[in-house]
Amino acid sequence: MMAIFEYAPAPESRDVVDIKPSYGLFINGEFADGSGTPFKTINPATEEKLAEVATASSDDVDRAVQAARKAFGVWSALPGAERAKYLFRIARIIQERARELAVLESLDNGKPIRESRDVDVPLVAAHFFYYAGWADKLAYAGLGGTRPLGVAGQVIPWNFPLLMLAWKIAPALACGNTVVLKPAETTPLTALAFADICRQADLPPGVVNIVTGAGETGAAVVGHPDVNKVAFTGSTEVGRIIARAVAGTDKKLTLELGGKAANIVFEDAAVDQAVEGIVNGIFFNQGHVCCAGSRLLVQESVHEEVLESLRRRLSTLRLGDPLDKNTDIGAINSAEQLAKIRSLSDLGESEGAQRWSPACELPDKGFWFPPTVFTGVAQSHSIARDEIFGPVLSVLTFRTPAEAVEKANNTPYGLSAGIWTEKGSRILWMADRLRAGVVWANTFNKFDPASPFGGYKESGYGREGGLHGLEAYLDV
C-alpha cells in the first residue's frame, strides 16, 4: 500500500523585509508627513498590525500634483532613450529586490508567496522592461502623436498592488508623463517600497508621487483640476462615480472595472487540463481577480465528469499561511471583503443553488474562506450575476455553442472569457462572438506586457498593456 505523506511546512523568511513602524507620503522625491489621520495596515492572515501609514488630505494631494507638474517640464523634455534608462534601471532593481517585494506583498495582501514570487513580481519587472523599450520608439507606434498628456492621477486596487502599479506607472513614464498614484488603503506597503526604488534609481524628484489614504484621498486625486489623465482599476460602482466626476472636463480617462467571466468547457476538451484552468481561473489569488472565471459553463454531456474531476482536484488544495511555499489558497484581503463573500454565498444557498467545499480547516486568526463550488445555478441567481471577488465558482450547463455564447454574454460585464476545446475553428467562432476584452483558449489568466487588457460594457473602457497601453498616455 502506498503511504501518503503530509507536506512539511516550508515558510519563506520574513527577515528579508524591513517593515518600518510608520510610513509617510512620497512627494517630490521625499517622504513627508500626511495631514490626515494615519491608518493601520494589517496582515490579513494573522490580523497583526504591520505598520501605520499616513493619510493624504486634499492639501497633500495638491502638493503632490504641483510636484508632478513641475517635474513634467523636465521629464517630458528628456529624449525617449534617456527616459528608457530610468525605466530599465527600475526594472533591474525590482528584479534584484524581488524576494523582498514578494514577501512584502504576501504579508500585506494575503496572497500565497508562490503567486507573488512566481507571477506578480516577475510581471512587474517585465512591464517596466517592456515599456522602457517603447520610450524612444513612440514616433513609430502609429498612434498619431508622441506628446505626453501631463500629470496622470492613478488609483489602484488591493488585489494586485504592485502589478497594478506597474500597469499604470510604466507606460505613463515611457510616454513622458508624471504620476500621482494612490494605492489601496489595505495594501500600501509595496507601493511605498516602490517609492524607495524610485529614489534608488535616481528618478528625478516629482516624476512619481505616492499618496496613501482611503476613498477621500482617491477622490482628491481624480478631482484635482491640474490632473490631465485619470486611470482607475477597481469596482464598477466606484468607476461610475469617477466617470461622473471626470465628465465635462478635458481629462482623459481609462477604467478597468469588475467582471463575471465565463469559462466555457466543451465536451471535446482535455478534462484534466480544463480542470487546472478552472482552478487557476477562479481560485488563483483567492478569486480576488477582476477577470476571474467565476462562471463555469460546461457542456451537458461532460458535466458530471468535469465536476467529479474538479472536486477531486479541489480536495488537494492547501489553504493556510501565505508565506508557506506549499500554500495554494491564502487569506481574504480584509474583514470587509470576507463579509461580502459570505453574504453573497449565503444568498446563493437561499436562492436554491447547492454549495460544496472540500474538507478544509480554517485558521483561527485572520480572514479565510474555503474554495466553494455552487451547482444547480440558474442565470437569474445573484451568484451568477454579481461579482463576488472571492474563491466562489458558479456552475451552469449548455448544449450548443450558440447557447454557450448566449449564456456567456448574459452579463453586464465583459472583461474576459475562457474556451476549452480541441477544435481551432470553434475557438475562433466563439471568440468572435464573445463580448469580452480578453478571450483565452485552453488556458486562463495568462498575462504578458505586450498584450492589451481591458473590457466592454460595465467592465470599463480603454486598454492597458501592449502598444494600446501607450495610447492612453499620449495626446492623440
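Before reading further, recall that the structure is shown in the block above.
Everything numeric here is computed off the predicted structure, so don't read it as measured data.

Undergrad: How do you make sense of the sheet that holds strand S14 (residues 372-375) when you look at a structure like this?
TA: Strands pair in a sheet through their backbones, by hydrogen bonds, and they do so in one of two ways: parallel or antiparallel. Here we have seven strands laid out as an open sheet, ordered S13-S14-S15-S12-S11-S16-S17, and mixed in their pairing. With one partner strand each, in any of the chains shown, strand S13 (354-356) and strand S17 (438-441) form the two edges of the open sheet. Taking each pair of neighbouring strands and ignoring which way they run, the sheet shows an average axis angle of 20 degrees. Two elements, strand S11 (residues 262-265) and strand S16 (residues 416-420), share four bridges in a ladder whose sense is parallel. Opposite Asn 263, over in S16, you have Gly 418 as the bridge partner. In the packing of helix H9 (residues 271-283) onto the sheet, contacts are made with S11, strand S12 (295-299), S14, strand S15 (392-398) and S16, and the angle to S15 comes to roughly 135 degrees.

Undergrad: Explain the packing of helix H5 (residues 161-174) against helix H6 (residues 189-200) here, please?
TA: Relative orientation and spacing of two packed helices are given, respectively, by the angle between their axes and the distance between those axes. For the pair H5 and H6, interaxial distance at closest approach is 8 Å and the crossing angle is 50 degrees. Our classification of the angle between H5 and H6 gives oblique. Considering how the two elements wind past one another, H5 and H6 form a crossing that is right-handed. Of H6, the residues touching H5 (which contributes Pro 161, Leu 162, Leu 165 and Ile 169) are Thr 190, Ala 191 and Phe 194. When the residues that make up the contact of H5 with H6 are grouped by side-chain class, the tally is six nonpolar, one polar and no charged.

Undergrad: Would you take a moment to explain helix H10 (residues 303-314) for this structure?
TA: Helical geometry note: an α-helix holds 3.6 residues per turn, so side chains three or four residues apart project in the same direction. The end-to-end C-alpha distance of H10, which contains twelve residues, comes to 16 Å, matching closely the 16 Å that a straight helix rising 1.5 Å per residue would cover. Along its buried surface, H10 packs onto S11, H9, S12, S13, S14 and S15.

Undergrad: What should I look at first to understand the nonpolar core in this one?
TA: A general feature of soluble globular proteins is that nonpolar side chains tend to end up buried together. By size, the foremost hydrophobic cluster in this structure holds 111 residues, and its most contacted members are Ile 94, Phe 128, Phe 194 and Leu 310. Counting residues per element, this core draws most heavily on H5, which supplies eleven residues. Those residues within four positions of Phe 128 in sequence are excluded, and the remaining contacts are Leu 87, Ile 90, Ala 91, Ile 94, Leu 165, Ala 166, Ile 169, Ala 170 and Phe 194.

Undergrad: What is the right way to look at the pairing of S11 in this model?
TA: Look at any regular strand and the pattern is simple: side chains alternate between the two faces of the sheet. Burial along S11 is two-sided: Ala 262 and Ile 264 facing one way and Asn 263 and Val 265 facing the other are all buried. In terms of strand pairing, S11 meets S12 through four bridges, oriented parallel. Residue pairing in the sheet places Asn 263 in a bridge with Leu 296 of S12. Read from S11 through H9 to S12, the crossover connection turns out right-handed.

Undergrad: In this structure, what is going on with the packing of aromatic side chains? I would like to understand it.
TA: Aromatic ring pairs: the centre-centre distance and the angle between the two ring planes describe each pair. Applying the stated criterion across every chain, the model contains 13 aromatic pairs. Arranged with centres 5.4 Å apart and planes meeting at 80 degrees, the rings of Trp 158 and Phe 389 form a pair that is edge-to-face. Remark: Phe 389 occurs in the loop between helix H12 (382-385) and S15 and Trp 158 occurs in the loop between strand S6 (151-155) and H5; sequence separation between them is 231 residues. On the accessibility criterion, Trp 158 (18% relative accessible area) is buried.

Undergrad: In this structure, what is going on with the sheet that holds strand S4 (residues 39-42)? I would like to understand it.
TA: One open sheet holds the three strands; their spatial order is S1-S5-S4, and the pairing between them is mixed. Single-partner strands in this sheet number two, and they are strand S1 (22-23) and S4. In this sheet, strand S5 (residues 49-53) lies alongside S4 in antiparallel orientation, the contact comprising four bridges. Bridge pairing in S5 places Phe 39 opposite Val 53.

Undergrad: Sorry if this is basic, but what is going on with the environment of Ile 169 here?
TA: The residue Ile 169 is located in helix H5 in this model. Put simply, Ile 169 and Leu 87 are 82 residues apart on the chain and 9.9 Å apart in space, counted from C-alpha to C-alpha. Contact partners of Ile 169, with chain neighbours within four places excluded, come to Phe 128, Gln 154, Val 179, Leu 181, Phe 194 and Val 208.

Here is what the cut-offs are and how they apply
- Here the residue numbers are simple positions, counted from 1 along each chain's written sequence.
- Where local features are concerned, this predicted model is filtered to residues with pLDDT of at least 70; where side-chain atom pairs are given and counted, the filter is 80 or more; whole-chain, interface and lining totals use all residues.
- Side-chain metrics in this entry use all non-hydrogen atoms of the structure; hydrogen atoms and water are not considered.
- Each pair of strands is called paired provided DSSP finds at least two bridges between the two strands.
- The helix count covers DSSP runs of H or I at least four residues long, the strand count covers runs of E at least two residues long, and both are numbered beginning at the N terminus.
- Axis lines are fitted through C-alpha atoms, for helices just across the contact stretch, and the angle between N-to-C directions can take any value from 0 to 180 degrees.
- Throughout, a contact is declared for two residues whenever any of their heavy atoms are within 4.5 Å.
- For classification purposes, an angle smaller than 35 degrees is called roughly parallel, one larger than 145 roughly antiparallel, one from 65 to 115 roughly perpendicular, and anything else oblique.
- Helix crossings are classified by the rotation of the near helix relative to the far one: an anticlockwise turn of less than a right angle makes the crossing left-handed, while a clockwise turn makes it right-handed.
- Each residue gets one label: Ala, Val, Leu, Ile, Met, Phe, Trp, Tyr, Cys and Pro are nonpolar, Asp, Glu, Lys and Arg are charged, and the others, such as Gly, are polar.
- One less than the residue count of a helix, multiplied by 1.5 Å, gives the span that helix is expected to have.
- Nine residue types can take part in a nonpolar core, namely buried Ala, Val, Leu, Ile, Met, Phe, Trp, Tyr and Cys, and a core is a set of them joined through side-chain atoms within 4.5 Å.
- Per-residue accessibility, obtained with a 1.4 Å probe over protein chains only, is compared with the maximum for each type, and a residue is labelled buried under 20%, exposed over 50%, and partly exposed between these values.
- Orient the strands so they point away from the viewer; a crossover is then right-handed if the path from the first strand over the helix to the second runs clockwise.
- Pairs were defined over the aromatic rings of Phe, Tyr and Trp, the Trp ring being its six-membered one, requiring ring centres within 6.5 Å. Orientation was assigned from the angle between planes: stacked under 30 degrees, edge-to-face over 60, tilted for the rest.

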